[in-house]
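Summary of structural features
The lines below spell out each chain.
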Amino acid sequence: MTHHEDNDTDTEQPAPAIPDETRADGVARVLIPERDIQHEVQAIARELDGEYRDDRPLLIGVLKGAASFLVDVMKHMTIPVEIDFMAISSYGASTTSSGVVRILKDLDQEIVGRRIIIIEDIVDSGLTLQYLLDLLRRREPKDIRVVALLKKNKPNAVDVQVDRVAFEIPDEFVVGYGLDYAEIYRNLPYVAVLDPEVYSEASVKAEPE
Ligand code: 5GP
């Protein structure tokens with residue numbers, strides 16, 4: 001499936017203003033406004049409705065980052081669906097993905113013979129998704145589709161299955177709409193880039209006395 005180009009991120013509109021509210025403290029720039037996200041969410045829900053009409057698909061989200069996206073897609077689907085979540089943690093340094101993950105919470109159900117839709121927040125190196133796909137394929141579902149909210153433009157990312165991307169973004173650290181920095185910013189309704197001061201303040205705080 002080809003990347004859906006129908007979004008406003010690369011048109012020449014002025015950057016949306018940062019709302020004056022405390023959950024936005026530290027936000028430098030809104031990268032994808034709420035309106036654009038919701039537009040794509042509805043388009044994706046309609047596509048999935050059409051593809052899975054008689055199959056009762058299982059939407060699988062990885063906690064916690066994919067929670068907002070999964071719930072919004074689910075709410076706009078009109079066919080019967082089931083949802084489930086996994087929680088995983090990466091081994092090794094937290095800043096780079098090693099692709100080796102530990103399962104903290106597994107699915108509640110068997111997926112053999114089921115039609116699976118993985119709802120991902122962001123594909124960066126692609127290693128986490130690759131690991132997850134290998135793991136789920138071994139459980140012999142009927143098929144697996146991958147829908148990602150964001151995919152970073154990264155030339156050295158692994159070649160992993162992603163069937164539908166809502167937004168391709170530059171290789172920057174982003175927060176909002178489920179994605180966090182140190183567990184905050186998940187409740188922003190848009191995707192944003194943080195002021196670099198946020199990171200430097202955090203590293204000063206983290207320094208031993
Ligand atoms: P990958 O294995 O594709 O390199 O990393 C995927 C995971 O890293 C994502 O599911 C997400 O948890 C985290 N991640 C990667 N890039 C970002 C980012 O820009 N912002 C946030 N908040 N998390 C990210």
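Residues numbered from 1 in each chain as written. Predicted model: local features only at pLDDT ≥ 70, side-chain atom pairs only at ≥ 80, totals over all residues. Heavy atoms only, no water.

**Some thoughts on the environment of Asp84**
- Its place among the elements puts Asp84 in strand E3 (residues 82-90).
- Between the alpha carbons of Asp84 and Gly61 there is a distance of 6.5 Å; along the sequence they are 23 residues apart.
- With residues near it in sequence (within four places) discarded, Asp84 still touches Leu58, Leu59, Ile60, Gly61, Leu70, Lys105, Leu107, Asp108 and Gln109.
- Within polar-contact distance, the side chain of Asp84 engages the side chain of Gln109 at 3.3 Å. (Helix = DSSP H or I, 4+ residues; strand = E, 2+ residues; numbered from the N terminus. Contact = heavy atoms within 4.5 Å. Polar contact = N/O pair within 3.5 Å; in protein donor to acceptor, adjacent residues only side chain to side chain.)

**Observations concerning helix H2 (residues 67-76)**
- Buried within H2 are the following residues: Phe69, Leu70, Asp72 and Val73. Down the axis of H2, the smallest arc covering the buried residues is 170°, so these residues share one side.
- Tucked into the core, H2 has its buried residues touching helix H1 (34-51), strand E2 (58-63), E3, strand E5 (115-123) and strand E6 (143-152). (Buried < 20%, exposed > 50% of the residue type's maximum accessible area, 1.4 Å probe, protein only. Arc of directions from axis to C-beta.)

**Looking at helix H3 (residues 127-137)**
- Residues of H3 that are buried include every one of Leu129, Leu132, Leu133, Leu135 and Leu136, and no others. Buried positions in H3, seen along its axis, are confined to an arc of 165° and lie on one side of it.
- On its buried face, H3 is in contact with E2, E3, strand E4 (101-105), E5 and E6.

**Thoughts on the confidence of the model for the protein**
- Looking at the protein as a whole, its pLDDT mean stands at 89, while 86% of the residues score no less than 70.
- Across residues 1-6, confidence stays below pLDDT 50; counting only partners more than four residues off in sequence or on other chains, it has 12 contacts. (pLDDT = per-residue confidence, 0-100.)

**Comments concerning the side chain of Arg186**
- Among the structural elements, Arg186 can be located in the loop between strand E8 (174-175) and strand E9 (191-194).
- Note on Arg186: relative accessible area 19%, which makes it buried.
- Once you skip the residues sitting within four places of it in the chain, Arg186 turns out to touch Lys64, Gly65, Ser68, Gly176, Tyr177, Gly178, Leu179 and Asp180.

**Examining unusual backbone geometry**
- Put simply, Leu63 and Lys64 share a cis peptide bond, and its omega is 0°.
- Mapped onto the fold, Lys64 is located in the loop between E2 and H2.

**Comments concerning the environment of Arg23**
- Positionally, Arg23 belongs in the segment before strand E1 (27-32).
- For the pair Arg23 and Ile184, spaced 161 residues apart in the sequence, the C-alpha separation amounts to 8.5 Å.
- Here Arg23 is in contact with Tyr185, Asn187, Leu188 and Pro189, once residues within four sequence places are set aside.
- A polar contact of 2.3 Å, which involves the side chain of Arg23, links it to the side chain of Glu21.
- One polar contact links the side chain of Arg23 to the main-chain carbonyl oxygen of Asn187, over a distance of 3.1 Å.

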